[in-house]
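Chain by chain, the residues:
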Amino acid sequence: MTFKKNILLFFLLALFIFVSAQNSIKLWDGTEMTQKQKWNELFVFLPERQNNSGISVIICPGGSYYWLDMDNEGFSVARYLNKQGITAFVLKYRTAKRGNHHPAMIQDLQRATQLVQANSKKYGIDPEKIGIMGFSAGGHLAGIAAIYAKPYFSAMIYPVVSMEDSIGHKKSRKNLLGKNYSDDLKQTMSLEKNVHADMPPIFLLHCTGDKTVDYRNSVVFAKALTEKNIKHQFLLIDEYGHGGHGFGIQPNGKATGWIEIFLKWLCTQK
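Predicted, not measured: the structure shown is a model, and the values here were computed from it.

Caption draft 1: Representation of the sheet that holds strand S1 (residues 23–26) within the structure. Sheet architecture is open: eight strands sit in the order S1-S2-S4-S3-S5-S6-S7-S8, paired in mixed fashion. Of all the strands in the sheet, just S1 and strand S8 (232–237) have a single pairing partner and so form its edges. For this sheet the average axis-to-axis angle between neighbouring strands, irrespective of direction, equals 15°. In terms of strand pairing, strand S5 (residues 130–135) meets strand S6 (residues 154–157) through four bridges, oriented parallel. The residue of S6 that forms the bridge with Phe135 is Ile157. Each of strand S3 (56–60), S5, S6 and strand S7 (202–207) is contacted by helix H5 (residues 137–148), which is oriented at about 145° to S5, the strand it contacts most. Sheet strands touched by helix H9 (residues 258–267): S5, S6, S7 and S8. Its angle to S7, the strand with the most contacts, is close to 160°.

Caption draft 2: Focus on the pairing of S5. Of all six residues that make up S5, six are buried, and the element is covered over most of its length. Burial of the side chains of S5 extends over both faces: Ile130, Ile132 and Gly134 are buried on one face and Gly131, Met133 and Phe135 on the other. Inspection of the sheet shows S3 paired to S5 by five bridges, in the parallel sense. Each bridged residue has a counterpart across the sheet, and for Ile59 the counterpart in S5 is Met133. On the question of chirality, the crossover connecting S5 to the parallel S6 by way of H5 is right-handed.

Caption draft 3: Summary view of the pattern of salt bridges. Taken as a whole and assessed by the stated rule, the structure comprises nine salt bridges. Its salt-bridge partner being Lys254, residue Asp238 comes within 3.7 Å of it at the nearest N-O pair. Pair noted here: Asp238 is in the loop between S8 and H9 and Lys254 is in the loop between S8 and H9, with a separation of 16 residues, a long-range link. Its relative accessible area of 42% is what places Asp238 among the partly exposed residues. Residue Lys254 is classed as exposed on the basis of its relative accessible area, which comes to 56%.

Caption draft 4: Structural view of the pairing of S3. Judged by how many residues are buried, S3 sits mostly within the fold: five of five residues are covered. As defined by bridge partners, S3 adjoins strand S4 (residues 87–92) across four bridges and the pair is classed as parallel. When the bridges of S4 are listed, Ser56 appears paired with Thr87.

Caption draft 5: Broad picture of unusual backbone geometry. Following His102, the chain continues to Pro103 via a peptide bond in cis, the omega torsion being 10°. Relative to the elements of secondary structure, Pro103 occurs in the loop between S4 and helix H3 (104–118). We note that Tyr65 has phi near 60°; this positive angle belongs to a residue other than glycine. Residue placement: Tyr65 occurs in the loop between S3 and helix H2 (71–83). When its relative accessible area of 0% is taken as the criterion, Tyr65 is described as buried. Notably, Asn229 is not glycine yet its phi reads approximately 60°, a positive angle. Tracing the sequence through the fold places Asn229 in the loop between helix H8 (216–227) and S8. By relative accessible area, Asn229 is classed as exposed at 70%.

Conventions used here
- Residues numbered from 1 in each chain as written.
- Predicted model: local features only at pLDDT ≥ 70, side-chain atom pairs only at ≥ 80, totals over all residues.
- Heavy atoms only, no water.
- Pairing = 2+ DSSP bridges.
- Helix = DSSP H or I, 4+ residues; strand = E, 2+ residues; numbered from the N terminus.
- Axes fitted to C-alpha atoms, helices over the stretch in contact; angles between N-to-C directions.
- Contact = heavy atoms within 4.5 Å.
- Buried < 20%, exposed > 50% of the residue type's maximum accessible area, 1.4 Å probe, protein only.
- Right-handed = clockwise from strand over helix to strand, strands pointing away.
- Salt bridge = Lys/Arg side-chain N within 4 Å of Asp/Glu carboxyl O.

Printed below as a string of structure tokens:
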């Protein structure tokens, strides 16, 4: 492929992403944080009006709390969900790449949730049916929402869960907590230790061959959910190699089709 063709392909891809995201919201515009947090953004993806189910989801891409896989774990997921009548919001939250640590990421998700609720009529969605979906470190954010807030549901896809040395994802822990964190904060951010009875339904997916985030993160979380009688579905898939993590909704192996299983599960929620 020639250099000119590469440039053309790049611009066509950029145009496609721009058109697909109908609009975006600067998270902190109109607040005292406007200048400091000017990079934070919420991309809005709307389904066809006649196909709108009223259900919406805020999508948190992964990236070890350092970067964000906005296309593979964000925009592509949003476009697919739109086809199913679900309004999607892709969250560009603060990460350690720009020097941000706890609680910046959580604040951005809280702010995004507030904005979606405040604009529910504009987007034609039910303010009581706003879910959170996250991938990897974004799955940890979705888990935080499930524990410390109460979304309609939380979908945690190959998520970081624990901050413990035995199974925790050390890069995510470092980027989330910073260098000098207290043991109390470490325990608070270890999701498996904070499950309680008043939590929303959870959809959980992990692959046993995940070489990035130990699948036992989801195993201990699922165990805690079961002990507290939290409604959940846990898919533990026997998939190894590169296909075990970071595949978004386009895996090549045994995880193919997980998004359809999620959608069927979603239909069972009240």
